[in-house]
Amino acid sequence: SINSQTILTKSSISIASSNPRGHRISVVFRSTRNMIDENESSENCDIEEAADQTDDRFDTSVLLPSKTNSVTPLPDRQTTNAALDALLHASARPSPCNVFGLGPLVLSDIPISIKNNKDRGVILGIDEAGRGPVLGPMTYAAAFWKPDAAKSIPAGFHDSKQLTPEKRAALFKEIKSSDCIGFVLRVLHASEISRNMLRRVPYNLNAMSHDAAIQMIWAVLDAGVKIDTCYVDTVGVAESYKKKLERVFEGHDIEFIVEKKADAKYAPCSAASVVAKEARDLLIANWKWTETSNYQPRDGSNYGSGYPSDPKAAKWLDNNCNVDPPFGFPDIVRFSWGPAKAAMQEDNDSTNSSRRNPKNSGLVIKWEADEEEDGDESGRKQSSLHSFMVAKKEENPKKRGHLAELKTNKRLGIFNELGLSKVTAFVESV
């Protein structure tokens, strides 16, 4: 059997396990509370109607990319700011992104100075915030403007992490009110990150980061904006990342400059850094719990920055570990992160139950499963699926030897429970 650690949230259920051969297994179920028909969720909504809801709140469901709901620029700066307010201040997370699919993507209105001069391209910068925290989303942002608009761009852009909160908030306000700057914001919630990293074949954070950047660049290009130069704060090896971007956007004549600390060197990257950092901080500060209507975790929202090194975050994580078994944590937590696994005392490679604290342990499930035919760790031959379906010829007991019983694998219990017998023949239906 396979020992599995089950990780459950009230808005999603994930099962992650490792078998003795080291293969990772990941299954994700959607909860009925948040699950909606995929066709219904992907219907394209009119953005202007979304900004004019009866409760004066922007309908953030139009910000969810899908096959039928393409990313389009918001019509004006007022609608752009309404979308940001709903997403960041009201923390309105649209279904089904809590349990399925991509998180929101905001493409601002395209500034008039860019619309009126489509022959000349823009300079665009990309940066992120929140790669390392165990709590909350990772945010990616892009900022772009015409090179000749430099005099109209706010001064003081630097790596947002080096700016004071007051200075960063002031710059974000200037970006939102500027008639020269366009921007993109992509939110990857903790639930999306966890789902991706707990796949059978993990979709790691670097790959998610690359794809988020690519998605934002496509959004700008699809809006009819020509990009001359794109500055990217690298994730991974800069040269490899640059070649990847050049392959993806071959034929668009974009010069890619991919460097470490690009957010401290190039103004568009610095502006993107401000948007990403402010967006994440606002999402964390205004977090709305989706678990139940009256849900409040222990210590409320006193989780600090969400980084593992923050004592407030570490204390909050410990106090809220599996308080409501077997759900583990609220969906603000990245279940795939080491500190979350440690708090749950997840140890899929260990069979020593004494290491587990029943108070904090995740739900352990015993799986009955066929191993691969080349045998298990003991060298014993494993049964194939075929052996459960086709009857074998009986061997002479004398030829089988005294070790025969040790080499015989029992049928899976589910066959007996359901009263199923072995298949001896297949009959084609008419």
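In this text, all values refer to a predicted model and were calculated from it rather than measured experimentally.

Participant: Give a detailed account of the packing of aromatic side chains, specifying residues and quantitative values.
Facilitator: Counted under the stated rule, the structure contains 8 aromatic pairs. Relative to Tyr295, the ring of Trp289 has its centre 5.9 Å away and its plane inclined at 70°; by these criteria the two rings are edge-to-face. In this structure an aromatic cluster arises from ring pairing among Trp289, Tyr295, Tyr303 and Trp316. A cation over a ring is seen here: Arg334 above Trp337, with NZ or CZ 4.9 Å from the ring centre.

Participant: Run through the pattern of salt bridges, naming residues and quoting values.
Facilitator: Opposite charge on two side chains allows them to pair when their charged atoms are near. Scanning all chains against the criterion turns up 8 salt bridges. One salt bridge connects Arg120 with Asp148, and the closest N-O pair in it is separated by 3.8 Å. Placement of Arg120 in the loop between helix 4 (112-115) and strand 5 (122-129) and of Asp148 in the loop between strand 6 (138-145) and helix 5 (165-177) is noted, with a sequence separation of 28 residues between them. Given the relative accessible area of 53%, Asp148 is considered exposed.

Participant: Describe the pairing of strand 7 (residues 182-188), with residues and values.
Facilitator: With respect to burial, strand 7 is a largely interior element, 7 of its 7 residues being buried. A two-sided burial pattern is seen for strand 7, the buried positions comprising Gly182, Val184, Arg186 and Leu188 on one face and Phe183, Leu185 and Val187 on the other. Here strand 4 (residues 105-107) runs beside strand 7; their pairing, made up of 3 bridges, is antiparallel. Paired with Val106 across the bridge in strand 7 is Leu185. Here strand 6 runs beside strand 7; their pairing, made up of 7 bridges, is antiparallel. In the strand pairing of strand 7, Phe144 is matched with Gly182.

Participant: Provide a residue-level description of empty space enclosed by the protein, including the pertinent values.
Facilitator: To find leftover empty space, a probe the size of one water molecule is rolled over the atoms. Taken as a whole, this structure holds 2 cavities of 30 Å³ or more when the rule is applied. Lining of the second largest cavity is provided by Ile114, Asn117, Lys118, Arg120, Gly121, Val122, Lys146, Gly224, Val225 and Lys226. Residues of the lining of the second largest cavity, tallied by class, amount to 3 nonpolar, 3 polar and 4 charged.

Participant: Describe the sheet that holds strand 9 (residues 255-259), listing the residues and the values that go with them.
Facilitator: The mixed open sheet is built from 6 strands, whose spatial order is 4-7-6-5-8-9. Of all strands in the sheet, those bounded by a partner on one side alone are strand 4 and strand 9. Across the sheet, the mean angle separating the axes of adjacent strands is 10° when strand polarity is ignored. Of the strands in this sheet, strand 6 and strand 7 touch helix 6 (residues 190-197), which is tilted by about 60° from strand 7. Set on the sheet, helix 9 (residues 267-285) makes contact with strand 5, strand 6, strand 7 and strand 8 (227-233); between it and strand 5 the angle comes to about 35°.

Participant: I'd love a proper account of helix 6, names of residues and values included.
Facilitator: When you tally the buried positions in helix 6, you get 7 out of 8 residues, the bulk of the element. Listed as buried for helix 6 are Ala190, Ser191, Glu192, Ile193, Ser194, Arg195 and Asn196.

Participant: Break down unusual backbone geometry for me, citing the residues and quoting the values.
Facilitator: You will see that Asp253, though not glycine, has its phi angle at about 55°, which is positive. Structurally, Asp253 can be placed in the loop between helix 8 (238-248) and strand 9. In the Ramachandran plot, Lys261 falls in the positive-phi region, its phi being about 60° despite a non-glycine side chain. Mapping Lys261 onto the fold places it in the loop between strand 9 and helix 9. Overall, Lys261 belongs to the exposed group, its relative accessible area being 57%.

Participant: Please give an account of the packing of helix 3 (residues 77-89) against helix 9 that cites residues and values.
Facilitator: The interhelical angle for the contact between helix 3 and helix 9, taken along N-to-C directions, is 50°, at an axis separation of 8 Å. If you check the angle between helix 3 and helix 9, you find them oblique. Across the interface between the two elements, Leu87, Leu88 and His89 from helix 3 touch Ala279, Leu282 and Leu283 from helix 9.

Participant: Give a description of the nonpolar core that names residues and reports values.
Facilitator: The biggest cluster of nonpolar side chains holds 56 residues, and the ones touching the most others in it are Ile126 and Ile217. No other element matches the 10 residues that helix 7 (residues 205-222) contributes to this core. Membership of the second largest hydrophobic core comes to 39 residues, among which are Val106, Ala143, Leu185 and Leu283.

Participant: Tell me about helix 3, and name the residues and values.
Facilitator: The terminal C-alpha atoms of helix 3, which comprises 13 residues, lie 17 Å apart, in line with the 18 Å expected from a rise of 1.5 Å per residue. Among the residues of helix 3, those classed as buried are Arg77, Thr79, Thr80, Ala83, Leu84, Ala86, Leu87 and Leu88. In this structure Asp76 caps helix 3, since a side-chain oxygen of it lies 3.2 Å from the backbone nitrogen of Gln78. Looking one or two places after helix 3, you find Ser91, whose phi comes out positive at around 50°.

Participant: Which residues make up the packing of helix 7 against helix 8, and what are the values?
Facilitator: Geometry of a packed helix pair, given as the angle between the helix axes and the separation of the axes. Relative to each other, helix 7 and helix 8 sit at 40°, their axes nearing to 12 Å. Classified by the angle between their axes, helix 7 and helix 8 sit oblique to one another. Two packed elements cross with a definite hand, and for helix 7 against helix 8 that hand is right-handed. Between helix 7 and helix 8, the contacting residues are Ser209, His210, Asp211, Ala213, Ile214, Ile217 and Trp218 on the first element and Tyr241, Lys244, Leu245 and Val248 on the second. Per-class residue counts for the contact of helix 7 with helix 8 are 7 nonpolar, 2 polar and 2 charged.

Participant: Explain the pairing of strand 5 to me, and be specific about the residues and the numbers.
Facilitator: Summarising burial for strand 5: 8 of the 8 residues are buried, a large majority. Neither face of strand 5 is left uncovered, since the one carrying Val122, Leu124, Ile126 and Glu128 and the one carrying Ile123, Gly125, Asp127 and Ala129 both have all their residues buried. Bridge count between strand 5 and strand 8: 5 bridges; the pairing is parallel. Bridge assignment links Val122 to a residue of strand 8, and that residue is Ile227. Two elements, strand 5 and strand 6, share 7 bridges in a ladder whose sense is antiparallel. Looking at the pairing, Leu124 lines up with Phe144 of strand 6.

Reading the values: rules and limits
- Residues numbered from 1 in each chain as written.
- Predicted model: local features only at pLDDT ≥ 70, side-chain atom pairs only at ≥ 80, totals over all residues.
- Heavy atoms only, no water.
- Phe/Tyr/Trp six-rings, centres within 6.5 Å; stacked < 30°, edge-to-face > 60°.
- Lys NZ or Arg CZ within 6 Å of the ring centre and 35° of its normal.
- Salt bridge = Lys/Arg side-chain N within 4 Å of Asp/Glu carboxyl O.
- Helix = DSSP H or I, 4+ residues; strand = E, 2+ residues; numbered from the N terminus.
- Buried < 20%, exposed > 50% of the residue type's maximum accessible area, 1.4 Å probe, protein only.
- Pairing = 2+ DSSP bridges.
- 1 Å grid on protein atoms, 1.4 Å probe; cavity = no way out; pocket = protein on both sides within 12 Å on 5 of 7 lines; lining within 4 Å.
- Points joined across faces, edges and corners; volume = space filled by probe spheres on them.
- Nonpolar A, V, L, I, M, F, W, Y, C, P; charged D, E, K, R; others polar.
- Axes fitted to C-alpha atoms, helices over the stretch in contact; angles between N-to-C directions.
- Contact = heavy atoms within 4.5 Å.
- Parallel < 35°, antiparallel > 145°, perpendicular 65-115°, else oblique.
- Core = buried A, V, L, I, M, F, W, Y, C linked by side-chain atoms within 4.5 Å.
- Expected span 1.5 Å × (residues − 1).
- Polar contact = N/O pair within 3.5 Å; in protein donor to acceptor, adjacent residues only side chain to side chain.
- Left-handed = near helix turned anticlockwise from the far one by under 90°.

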